[in-house]
Amino acid sequence: MAFSKKEAPNCDWCPYKKNCLFDYLDRKSRKEWKEMRIANRFKDDETIFYEGEKPPGLYVVCRGKTKIYKSGSTGHQLITRIESPGDLLGHRSLLATEAYSGNAQSLGESVISLIPQEKFFGFLKRHPDASLALLKELSKDVRRGEDKARDIAFKPARCRLAQVLLQAKNEESHPEKLRLKRKELAEMAGLSIETTVRLLKDFEKKGLIRRKGPAILLLNQEKIQSLSGS
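Quick summary incoming for the structure in this document. Remember, predicted model here, so these are calculated numbers, not experimental data. (Residues numbered from 1 in each chain as written. Predicted model: local features only at pLDDT ≥ 70, side-chain atom pairs only at ≥ 80, totals over all residues. Heavy atoms only, no water.)

### Re empty space enclosed by the protein
Tallied over the entire structure, the rule returns one cavity of 30 Å³ or more. Within this model, the largest cavity holds a volume of roughly 130 Å³. Along the walls of the largest cavity sit 16 residues, with Cys-11, Cys-14, Cys-20, Val-60 and Cys-62 positioned nearest its centre. Here the lining of the largest cavity takes four residues from strand E3 (residues 57–71), the largest share from any one element. In terms of residue class, the lining of the largest cavity is made up of 11 nonpolar, two polar and three charged. (1 Å grid on protein atoms, 1.4 Å probe; cavity = no way out; pocket = protein on both sides within 12 Å on 5 of 7 lines; lining within 4 Å. Points joined across faces, edges and corners; volume = space filled by probe spheres on them. Helix = DSSP H or I, 4+ residues; strand = E, 2+ residues; numbered from the N terminus. Nonpolar A, V, L, I, M, F, W, Y, C, P; charged D, E, K, R; others polar.)

What follows is the structure in structure tokens.
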């Protein structure tokens, strides 16, 4: 299915608009923002864009979640970010006029909006407030990247996995029940799948979590937080 105006959700009714660039806009620019967008629906594990592609415009997560990841020469993946409704995708590459440095893939069924490049750049020129909001978003991205690099360099595997469990909890609509796959948890923590499985079994044995089908239930968030070093 291609991107179309028909699939674009109504921003005025969106329950996630407080997390979106849309919330920074005045009435006139909000109207223009809504008119520019086209959207598409993605099934679980569908690719939104590939590393090395040129950005066609600005992507916005409207429903569901998206993972941004890099692949190594051995095929091992490292999830650099999990994006939730209201978050932007590919904006750094778009503004730098560079190819994507990672891949974007849906986590579950998702709706992704797209504002074509020419329209988006014209929009920024006409609405300085939107440009300032975008700078804030870029600043948060830089901070997240620095924090992740620090954790991978200095935190042991057990702490990193505990931190990922807490991060995923905060991003879920039902935070006591996580539906991330073990492979995705491993990628987010920068661990091998074998190490992740071993640590999850240990967490379960100690009563911190319980695995229930594809979901992970967090039983003792206070101890998990202490273990994460947060």
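This is not the end of the story, as more comes after the structure.
### Notes on the environment of Asp-151
Following the sequence through the fold, Asp-151 ends up in helix H4 (residues 128–154). For Asp-151, the residues in contact, after removing those within four places along its chain, are Arg-160 and Gln-163. (Contact = heavy atoms within 4.5 Å.)

### A few points about the packing of helix H1 (residues 27–36) against helix H3 (residues 117–126)
If you want to describe how two helices pack, look at the angle between their axes and the distance between the axes. Here H1 crosses H3 at 175 degrees, and the two axes come no closer than 11 Å. One element, H1, and the other, H3, form an angle in the roughly antiparallel class. Here H1 contributes Ser-29, Glu-32, Trp-33 and Met-36 to the contact with H3, which in turn contributes Lys-119, Phe-120, Phe-123 and Arg-126. Of the residues that constitute the contact of H1 with H3, the class distribution is four nonpolar, one polar and three charged. (Axes fitted to C-alpha atoms, helices over the stretch in contact; angles between N-to-C directions. Parallel < 35°, antiparallel > 145°, perpendicular 65-115°, else oblique.)

### Regarding the packing of aromatic side chains
According to the stated counting rule, one finds six aromatic pairs in the structure shown. Look at Phe-3 and Tyr-59: their rings are 6.0 Å apart centre to centre, the planes differ by 50 degrees, and that puts the pair in the tilted class. One end of the pair, Phe-3, is in the segment before H1; the other, Tyr-59, is in strand E3, with 56 residues separating them in the sequence. Judged by relative accessible area, which is 5%, Tyr-59 ranks as buried. Following the ring pairs from residue to residue traces out a cluster consisting of Phe-3, Phe-42, Phe-49, Tyr-59 and Tyr-100. Here the basic side chain of Arg-30 rests over the ring of Phe-22, its NZ or CZ set 4.7 Å away from the ring centre. Directly above the ring of Tyr-69 sits Lys-67, whose terminal nitrogen or CZ lies 5.1 Å from the centroid. (Phe/Tyr/Trp six-rings, centres within 6.5 Å; stacked < 30°, edge-to-face > 60°. Buried < 20%, exposed > 50% of the residue type's maximum accessible area, 1.4 Å probe, protein only. Lys NZ or Arg CZ within 6 Å of the ring centre and 35° of its normal.)

### Brief notes about the side chain of Thr-196
One can find Thr-196 in helix H7 (residues 193–205). Beyond its immediate stretch of four places on either side in the chain, Thr-196 contacts Leu-161, Arg-182, Leu-185, Ala-186 and Leu-191.

### Here's the deal with the pattern of salt bridges
Within the structure shown, the criterion is met by 16 salt bridges. The closest approach of N and O atoms between Glu-32 and Arg-126, which form a salt bridge, is 2.2 Å. Of this pair, Glu-32 sits in helix H1 while Arg-126 sits in helix H3, and the two are 94 residues apart along the sequence. Taking the relative accessible area as the measure of exposure, Glu-32 reaches 17% and is therefore buried. When salt bridges with common partners are traced through the structure, they connect Lys-18, Asp-23 and Arg-30 into a single cluster. (Salt bridge = Lys/Arg side-chain N within 4 Å of Asp/Glu carboxyl O.)

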